[in-house]
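Geometric and topological summary
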Amino acid sequence: MKIMTCPVNGPRNISEFQWLGPVHDTAEATDADLLNRLFFAPNPMGVLREWWRHTPSNTVFIAERDLTTDEILRSYLKGSDADRTASPA
Amino acid sequence: MPLELLKYGLRRGHKPFHDIPPTPDLRRSYDVVIIGGGGHGLAAAYYLSRYHGITNVAVLEKGYLAGGNTARNTTTVRSNYLTIPSIEFYREGVSLFENMSHELGFNVMFSQRGQLTLAHSDGAMRSFRLRAEMGKHAGTRIEVVDARGVQKICPHVNMDFGGQHEVLGGLWHADGGTARHDAVAWGYAKRAAENGVQIHQRTEVTGFGVSGDRVTEVRTNRGTIQAGQVLQAAGGMNGRIAEMAGIRLPIRCFPLQAMVTQPLKPFLDILLSSSDLHTYLVQSSRGEIVIGGGTDPYQLASTRSTLPQKEALATGALQLMPFLHNVKLLRQWAGITDITPDFSPIMGASPLQNYWLDAGWGTWGFKATGVAGKRMAETVATARVPDILRPFALDRFSRFELLNEMGATAAGH
Ligand SMILES: Cc1cc2nc3c(=O)[nH]c(=O)nc-3n(C[C@H](O)[C@H](O)[C@H](O)COP(=O)(O)OP(=O)(O)OC[C@H]3O[C@@H](n4cnc5c(N)ncnc54)[C@H](O)[C@@H]3O)c2cc1C
């Protein structure tokens, strides 16, 4: 089975995880931003930063995944060093 | 007919013929350029050339003819949706299937055998009642049946009385059916080509020339062409193509997987699905049981398959029909679907004056091959969006006028 690395629990089967969708920049909030956030989700032919949850331990974290190859490049907790050095979504 | 066939068989000197002519050289310019040689693009080309006198048309297909989702779908044709605009639109779609073989002189093997959707929960039963009332109101054949009604329609279903997935009842849609997907695309392609439409296989659109609010040229791997009007019908790649034209669509890609078993003697004469188990079954005319369900649980633009998804489909199928447990799987595959937030398509105008959208067909667009082609052809030919398409406009999202069909589509297509 495909493996996802939970930043707290280590490598686990992907079936233990729930996909929660893209990480949004929460700074601005005009009407246009709201519309985009609700309906116009990013769909890049490349890497997306997204929220995941390890269900048994309820660990919510960020993963970077390539949307064309399904390769998981990195995963880390919000606010960790890895998160601070990540490029914005 | 039989005599004609006999005469044909005995005749000497048979000339080989092509249903679909070989790809010609690209012209410098076309009145209409259609991006995507799937069922939708080919149907639009047919209706343009047959009913609107527009024959200087190119269909550009990056791979082989109808090798995208048209080739991968599980061919459910139905109109049991929830909102009135959807029911009316899909009802027209089903009625076109009823006459498609005659219209095209090409056997699309439409079999209107009815679709039974099972409820294993009170919530599902409630939503069925709503859908049945909406459907009756909009003139489609649909009714709620109880557990005995389910047994009568499909005696093979495991009712699981007292079990975890007890069948409480169902939604019976007598208008539902299935057709041969390849034949639908080939039929439209053959007749469109006869009318003068050029079908260009292995011709990939790589970009656009835009000046002001108009597309002026379409760039391809085989050269650049001028276009009067452009119609986009690129299946899973719809979001990407629109982006090349500078248009952002509310579309995300999700894989959708399906599989078929080895052929069995005919026993299943309806389309069977379960909204709680996210599984549906249909027996093809070859006898194979086609098994499908919901999309993958996360976004991806790839046609790779996964074992967990296949296991989930097999689990659902065995719950519905435990006697299938020794049956072998023959083939499995996936397609990239272009999913919208409300599980309804995006049809009609774009921010560019001469660029038209037939997109967001996700997991549910095969049944609309005829009607989308017909209505989009009308749109392009008259530069006016017909009333039946208006609710599906791209700007419905900024008006918050969504057509939520998730409950009627996500597990059943
Ligand atoms: C597994 C599966 C099951 C399904 N089951 C059902 C069902 O039961 N009922 C139902 O109604 N619908 C179903 N669907 C959905 C249905 O298949 C699609 O909505 C429908 O076939 C879309 O037709 P289309 O012609 O718009 O797209 P497609 O058939 O995908 O055609 C689009 C074409 O555009 C081409 N293209 C892409 N990019 C370019 C480019 N840059 N240049 C040139 N050409 C390009 C592609 O190669 C492709 O051939 C299912 C889909 C899948 C994957």
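This text follows the structure it describes.
So, here's what we can say about the structure. (Residues numbered from 1 in each chain as written. Chains lettered and ligands numbered in written order. Predicted model: local features only at pLDDT ≥ 70, side-chain atom pairs only at ≥ 80, totals over all residues. Heavy atoms only, no water.)

**Regarding the overall build of chain A**
The condition that has to hold: Note on conventions: DSSP H or I runs of at least 4 residues are helices, E runs of at least 2 residues are strands, and numbering of each starts at the N terminus. With a 1.4 Å probe rolled over the protein chains alone, any residue whose accessible area is under 20% of its type maximum counts as buried; one over 50% counts as exposed, and the rest are partly exposed. Throughout, a contact is declared for two residues whenever any of their heavy atoms are within 4.5 Å. Computed with the Shrake-Rupley method and a 1.4 Å probe, the accessible areas treat only the protein chains shown as cover for residues. In this tally Asp and Glu are treated as negative and Lys and Arg as positive; neither His nor the chain ends contributes. Lysine's charge is taken at NZ, arginine's at CZ, aspartate's at CG and glutamate's at CD.
A count of helical and extended segments in chain A gives 2 helices and 6 strands. In chain A, the order of α-helices and β-strands from amino to carboxyl end is β-β-β-α-β-β-β-α. Per-residue burial for chain A yields a buried fraction of 37% across its 89 residues. Sequence separation of at least 24 residues holds for 43% of the intrachain contacts in chain A that already meet a minimum separation of 6. Carbon and sulfur atoms make up 53% of the accessible area of chain A, which totals about 4900 Å². Put simply, chain A has 9 plus and 12 minus side-chain charges, and the middle of one group is 6 Å from the middle of the other.

**Some details on the sheet that holds strand β6 (residues 72-76) of chain A**
All names here are of chain A. As a reminder, the rule being used: One bridge is not enough; two strands pair if DSSP finds at least two bridges between them. Only the stretch in contact is used when fitting a helix axis, every axis being a line fitted to C-alpha atoms; angles between N-to-C directions are given from 0 to 180 degrees.
Read across the open sheet, the 4 strands follow the order β3-β4-β5-β6; overall the sheet is antiparallel. The sheet is open, and its two borders are formed by β3 (17-22) and β6, each paired with just one other strand. Each strand axis lies, on average, 30° off the axis of its neighbour in the sheet, ignoring direction. Direction of pairing for strand β4 (residues 47-54) relative to strand β5 (residues 59-66): antiparallel, over a ladder of 8 bridges. Residue pairing across strands places E50 opposite A63, the latter belonging to β5.

**Concerning the pairing of strand β13 (residues 271-274) of chain B**
Residue and element names in this part refer to chain B. Alternating residues of β13 divide into L271 and S273 and L272 and S274, and every residue in both groups is buried. Pairing geometry for strand β4 (residues 115-119) and β13, over 4 bridges, is parallel. For T117, the partnering residue across the bridge sits in β13 and is S273. Where β13 meets strand β14 (residues 279-283), 3 bridges bridge the pair, whose relative direction is antiparallel. For S274, the partnering residue across the bridge sits in β14 and is T279.

**So, the pattern of salt bridges**
Heads up, the rule is: Here, a salt bridge means any Lys or Arg side-chain nitrogen found within 4 Å of an Asp or Glu carboxyl oxygen.
Tallied over the entire structure, the rule returns 27 salt bridges over all chains. Its salt-bridge partner being R12(A), residue E16(A) comes within 3.0 Å of it at the nearest N-O pair. Two residues, E288(B) and R286(B), come together in a salt bridge whose shortest N-O distance is 3.5 Å. Given a relative accessible area of 4%, E288(B) falls into the buried group. Its relative accessible area of 54% is what places R286(B) among the exposed residues. Here the salt bridges share partners, and the residues they tie into one network are K2(A), E50(A), R65(A), D70(A), D296(B) and R304(B).

**What about the packing of aromatic side chains?**
All names here are of chain B. Let me state the cut-off plainly: To pair, rings of Phe, Tyr and Trp, with the six-membered ring standing in for Trp, must have centres within 6.5 Å; the planes then decide the type, stacked if under 30 degrees apart, edge-to-face if over 60, and tilted in the middle. Counting as a charge over the ring demands two things of the Lys NZ or Arg CZ atom: a distance within 6 Å of the ring centre and an angle within 35 degrees of the ring normal.
Under the criterion given, the structure shown has 20 aromatic pairs over all chains. Between the aromatic rings of F208 and Y355, the centroid separation amounts to 5.5 Å while the plane-to-plane angle is 90°, which identifies the pairing as edge-to-face. Taken together, the positions of F208 in strand β9 (residues 205-211) and Y355 in strand β18 (residues 355-359) put the pair 147 residues apart, joining distant regions of the chain. Comparing F208 with Y355 shows no difference in burial state: the two are buried. Following the ring pairs from residue to residue traces out a cluster consisting of Y81, F89, Y90, W361 and F392. Between R50 and the ring centre of Y51, over which it is positioned, the NZ or CZ distance is 4.7 Å. Looking at R78, its charged tip hangs above the ring of Y81, at a distance of 4.4 Å from the centre.

**Observations concerning the site of the ligand**
Residue and element names in this part refer to chain B. Worth spelling out the cut-off: Nearness here has a simple test: a residue counts as near a molecule or strand if at least one of its heavy atoms is within 4 Å of that partner. Two N or O atoms count as a polar contact when they lie within 3.5 Å, although within protein this holds only if one can serve as hydrogen donor and the other as acceptor, and sequence-adjacent residues are included solely when both atoms are side-chain atoms. In this classification, the charged set is Asp, Glu, Lys and Arg, the nonpolar set is Ala, Val, Leu, Ile, Met, Phe, Trp, Tyr, Cys and Pro, and all remaining amino acids, among them Gly, are polar.
Around the ligand sit 37 residues in total, of which E61, N69, T70, T74 and V205 are the nearest. Within the backbone of G365, a nitrogen or oxygen atom sits 3.0 Å from an oxygen atom of the ligand. Side-chain polar atom of K367 to an oxygen atom of the ligand: 2.9 Å apart, as the coordinates give it. Protein chains bury 97% of the 1000 Å² of accessible surface belonging to the ligand in isolation. Those elements giving two or more residues to the shell around the ligand turn out to be α2 (39-51), α3 (69-72), β12 (252-261) and β16 (329-339). Per-element tally for the shell around the ligand: the top contributor is α3, with 3 residues. For the shell around the ligand, a count of residues per class yields 12 nonpolar, 20 polar and 5 charged.

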